[in-house]
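Architecture and fold: a report
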Amino acid sequence: MGILTSHMQQLIAGQRLIFAATVCPDGTPNLSPKGTALVWDDDHILFIDLASPGTMRNQASNPAIEPNVVDVFLRKGYRFKG
Ligand SMILES: Cc1cc2nc3c(=O)[nH]c(=O)nc-3n(C[C@H](O)[C@H](O)[C@H](O)COP(=O)(O)O)c2cc1C
């Protein structure tokens, strides 16, 4: 069994929109929305780099990322550390 439970996967698939936090070289946070989020497999969430130069630059120097997803109607959400 992978990290992503079936409920997590359903919530991501239903929302499609995640917010991805990365770390800038000066240590400050960088948070931006990604509306192309998909579950890749039981351990991975994918988003498409359409216009994310800051996120991609940060990932190249520091792979830490925290995607989070929320269903505002259910008032449920998850934050993931990767
Ligand atoms: C609702 C919404 C969804 C978005 N989805 C994506 C996405 O899936 N992929 C992407 O590259 N940019 C997406 N964007 C655009 C980026 O969030 C935006 O260009 C942002 O400024 C990028 O910041 P960054 O360079 O720090 O990642 C989306 C923007 C909004 C408002």
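Going by the structure above, here's the rest.
Before going into details, it helps to say that this report is about the structure given with it. Since the model is a prediction, treat every value here as computed from it, not as a measurement. (Residues numbered from 1 in each chain as written. Predicted model: local features only at pLDDT ≥ 70, side-chain atom pairs only at ≥ 80, totals over all residues.)

**A short note on the overall build of the protein chain**
For the protein chain, the helix and strand inventory stands at two helices and six strands. Going from the N terminus to the C terminus, the protein chain shows its helices and strands as α-β-β-β-β-α-β-β. Taken over C-alpha atoms, the radius of gyration comes to 13 Å for the protein chain, in line with the 12 Å a tight globule of 82 residues would show. Counting only C-alpha atoms, the protein chain reaches 35 × 30 × 20 Å along its principal axes. Among the 82 residues that make up the protein chain, the fraction classed as buried is 12%. Restricting to contacts in the protein chain with at least 6 residues of sequence separation, those with at least 24 account for 52%. (Helix = DSSP H or I, 4+ residues; strand = E, 2+ residues; numbered from the N terminus. Rg over C-alpha atoms; globule rule 2.2 N^0.38 Å. Buried ≥ 20, exposed ≤ 12 C-beta atoms within 10 Å, placed from the backbone. Contact = placed C-beta atoms within 7 Å.)

**Focus on the site of the ligand**
Around the ligand, 16 residues are found, and the nearest of them are Gly35, Thr36, Ser52, Gly54 and Thr55. Sorting the residues of the shell around the ligand by element identifies strand E2 (29–34) and helix H2 (53–61) as the ones contributing at least two each. Considering every element that reaches the shell around the ligand, the biggest residue donor is E2, with four residues. Class assignment for the residues of the shell around the ligand results in seven nonpolar, seven polar and two charged. (Near = placed C-beta within 6 Å. Nonpolar A, V, L, I, M, F, W, Y, C, P; charged D, E, K, R; others polar.)

**Thoughts on unusual backbone geometry**
The backbone phi angle of arginine 16 is positive, close to 65°, even though this residue is not glycine. With respect to the helices, strands and loops of the structure, arginine 16 is situated in the loop between helix H1 (6–15) and strand E1 (18–23). Arginine 16 gets classed as partly exposed once you count the C-beta atoms within 10 Å, which come to 13. Unlike most non-glycine residues, arginine 75 shows phi in positive territory, near 55°. Tracing the chain through its elements places arginine 75 in the loop between strand E5 (65–71) and strand E6 (76–79). With 7 C-beta atoms packed within 10 Å, arginine 75 lands in the exposed category.

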